[in-house]
Amino acid sequence: MKRPKLIALDMDGTMLDERSRLTERTKAALRAAQEAGVRVAVATGRMYPSAMVHIRDAGIESASIFYNGALIRDPLTDETIYEKNLGAELTAEILSFFRERGWYIQIYSDDRLIVKDASDERCKYYEDICGLKAMSLGDNFWSCGLDSAKLLGISFDREIFLQMCNEVRQRFGGRIYQATSWNAFVEIVHPTVNKAEGLKRVSCRYDIAREEVMAIGDGGNDAEMIRWAGIGVAMGNAKEAVKKAADIVAPPNSEDGAAWAIEAALAL
């Protein structure tokens, strides 16, 4: 195993601790990697403006992946390198599907978080995570006609969450890419979009071979990129399916597992 030339890491549950904070140890590891000539990129389901708070704090300079791969953008220049939305027609169809079942869903469009009712507890929960305020449309939400980079269903009820996962997959199949996170989120993006595809584009941009890439993550939406990378690292807090996709299992995010993995990579 050789030192990677590119390290890509998920944000929530990986780069950030259990309280969504960037610890000093992780920040130091990220900066040390870049000072050693290793590129560091974020690969997150988060919105660009939400992720940028931590990207700036960590001093990350390489093109990074947002909305699970629907957007790749340079954090230094704001240049959009790749973008693939669901399309207004499919967005509207999915919204209608959720409305008929009484499920909660939110839209990500033009780097805005858009909801029906910003006072909803699920919206408040997400706002606390992402550090941004949602735009509330009321009943116009269902007919807004927006083209969404990502749609996110949320349920804190385990049975409804699983039902949401299964029924969305059955109804839309290969027309979408679906992943889960936080044990409550159902993430929906374009079928050609995922973090592995995003990481391929970033590594190609910098002429870095797959074997020279390390990917670190914890969620179901991280499994593809962990499996694709030359060195795949699952966090100790990851589900077993994600750990099985990895070459290495790091300590959990509560114990700076991402920093541990980066430090080990720099020692190669």
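Criteria and thresholds
- Residues numbered from 1 in each chain as written.
- Predicted model: local features only at pLDDT ≥ 70, side-chain atom pairs only at ≥ 80, totals over all residues.
- Heavy atoms only, no water.
- Helix = DSSP H or I, 4+ residues; strand = E, 2+ residues; numbered from the N terminus.
- Buried < 20%, exposed > 50% of the residue type's maximum accessible area, 1.4 Å probe, protein only.
- Contact = heavy atoms within 4.5 Å.
- Areas by Shrake-Rupley, 256 points an atom, 1.4 Å probe, with all protein chains shown as cover.
- Lys, Arg positive; Asp, Glu negative; His and termini not counted.
- Charge placed at Lys NZ, Arg CZ, Asp CG, Glu CD.
- Salt bridge = Lys/Arg side-chain N within 4 Å of Asp/Glu carboxyl O.
- Pairing = 2+ DSSP bridges.
- Axes fitted to C-alpha atoms, helices over the stretch in contact; angles between N-to-C directions.
- Phe/Tyr/Trp six-rings, centres within 6.5 Å; stacked < 30°, edge-to-face > 60°.
- Lys NZ or Arg CZ within 6 Å of the ring centre and 35° of its normal.
- Core = buried A, V, L, I, M, F, W, Y, C linked by side-chain atoms within 4.5 Å.
- 1 Å grid on protein atoms, 1.4 Å probe; cavity = no way out; pocket = protein on both sides within 12 Å on 5 of 7 lines; lining within 4 Å.
- Points joined across faces, edges and corners; volume = space filled by probe spheres on them.
- Nonpolar A, V, L, I, M, F, W, Y, C, P; charged D, E, K, R; others polar.
- Parallel < 35°, antiparallel > 145°, perpendicular 65-115°, else oblique.
- Left-handed = near helix turned anticlockwise from the far one by under 90°.

Caption draft 1: The overall build of the protein, seen in detail. For the protein, the count of helices and strands is 10 helices and 14 strands. In terms of principal-axis extent, the alpha carbons of the protein reach across some 55 × 40 × 35 Å. Looking at the protein as a whole, 55% of its 268 residues are labelled buried. The contacts of the protein with a sequence gap of at least 6 include a subset with a gap of at least 24, amounting to 59%. Summed over its atoms, the accessible surface of the protein is roughly 11400 Å², and 46% of this surface lies on carbon and sulfur atoms. If you average the places of the 34 positive and of the 40 negative side-chain charges in the protein, the two averages end up 2 Å apart.

Caption draft 2: Main features of the side chain of Ser-109. Tracing the sequence through the fold places Ser-109 in strand 6 (residues 104-109). Ser-109 sits in the buried class, given a relative accessible area of 3%. Once residues within four sequence positions are removed from consideration, Ser-109 is found in contact with Ile-114, Leu-146 and Asp-147.

Caption draft 3: Summary view of the pattern of salt bridges. Tallying each qualifying case throughout the model produces 22 salt bridges. Between Lys-195 and Asp-10 there is a salt bridge, with its nearest N and O atoms 3.0 Å apart. On the criterion of sequence distance, the pair formed by Lys-195 in helix 7 (residues 195-205) and Asp-10 in the loop between strand 1 (6-9) and helix 1 (11-15) is long-range, its members being 185 residues apart. Among the residues examined, Lys-195 registers a relative accessible area of 1% and is labelled buried. The salt bridge partner of Asp-110 is Arg-112, with a shortest N-O separation of 3.7 Å.

Caption draft 4: Molecular detail of the sheet that holds strand 1. Read from one edge to the other, the open sheet built from 5 strands follows the order 2-1-12-13-14, with strand pairing classed as parallel. This sheet does not close on itself; its edge strands, each paired only once, are strand 2 (39-42) and strand 14 (248-249). Bridging between strand 12 (residues 213-217) and strand 13 (residues 231-234) involves 4 bridges; their strand directions are parallel. Within strand 13, the residue paired with Ile-216 across the bridge is Val-233. Strands in contact with helix 7 are strand 1, strand 2 and strand 12; relative to strand 1, the strand with the most contacts, it is inclined by about 155 degrees. Contacts from helix 10 (residues 257-266) reach strand 1, strand 12, strand 13 and strand 14 within the one sheet, and its direction differs from that of strand 12 by about 165 degrees.

Caption draft 5: Main features of the packing of aromatic side chains. Tallied over the entire structure, the rule returns 13 aromatic pairs. With a centroid separation of 5.9 Å and an interplanar angle of 70 degrees, the aromatic rings of Tyr-67 and Tyr-108 are classed as edge-to-face. Taken together, the positions of Tyr-67 in the loop between strand 3 (64-66) and strand 4 (71-73) and Tyr-108 in strand 6 put the pair 41 residues apart, joining distant regions of the chain. Neither Tyr-67 nor Tyr-108 differs from the other in exposure class; each is buried. An angle of 85 degrees between the planes, with centres 5.0 Å apart, marks the rings of Phe-141 and Trp-142 as edge-to-face. Side by side, Phe-141 and Trp-142 carry an identical accessibility label, which is buried. Put simply, the rings of Tyr-67, Tyr-108, Tyr-125, Tyr-126, Phe-156, Trp-182 and Phe-185 pair up and form one aromatic cluster. Its guanidinium or amino end placed over the ring of Phe-172, Arg-171 lies 4.9 Å from that ring's centre, counting from NZ or CZ.

Caption draft 6: Focus on the nonpolar core. Residues Met-15, Leu-199, Ile-216 and Ile-262 are the most contacted members of the largest nonpolar core, which totals 72 residues. The element best represented in this core is helix 10, accounting for 6 residues. The contacts of Met-15, once residues within four sequence positions are left out, are Leu-9, Asp-10, Arg-21, Leu-22, Thr-26, Leu-30, Val-42, His-54, Ile-60 and Ala-258.

Caption draft 7: Geometry of the layout of surface pockets. Counted as a void, the largest pocket has a volume near 570 Å³. Asp-12, Ser-181, Trp-182, Asp-218 and Gly-219 are, among the 33 residues lining the largest pocket, the residues nearest its centre. Residue assignment for the lining of the largest pocket shows that the elements contributing at least two residues are helix 1, helix 5 (121-130), strand 9 (150-154), strand 10 (177-181), strand 11 (185-189) and helix 9 (240-244). Its residues placed into classes, the lining of the largest pocket shows 11 nonpolar, 12 polar and 10 charged. Empty space within the second largest pocket amounts to approximately 150 Å³.

Caption draft 8: Structural view of the packing of helix 2 (residues 24-35) against helix 10. Where helix 2 meets helix 10, the axes come as close as 9 Å, and the angle between the chain directions of the two elements is 30 degrees. Classified by the angle between their axes, helix 2 and helix 10 sit roughly parallel to one another. The interaxial crossing formed by helix 2 with helix 10 has left-handed handedness. Here helix 2 contributes Arg-25, Thr-26, Ala-29, Leu-30, Ala-32 and Ala-33 to the contact with helix 10, which in turn contributes Ala-259, Trp-260, Ile-262, Glu-263 and Leu-266. Split by residue class, the contact of helix 2 with helix 10 holds 8 nonpolar, 1 polar and 2 charged.

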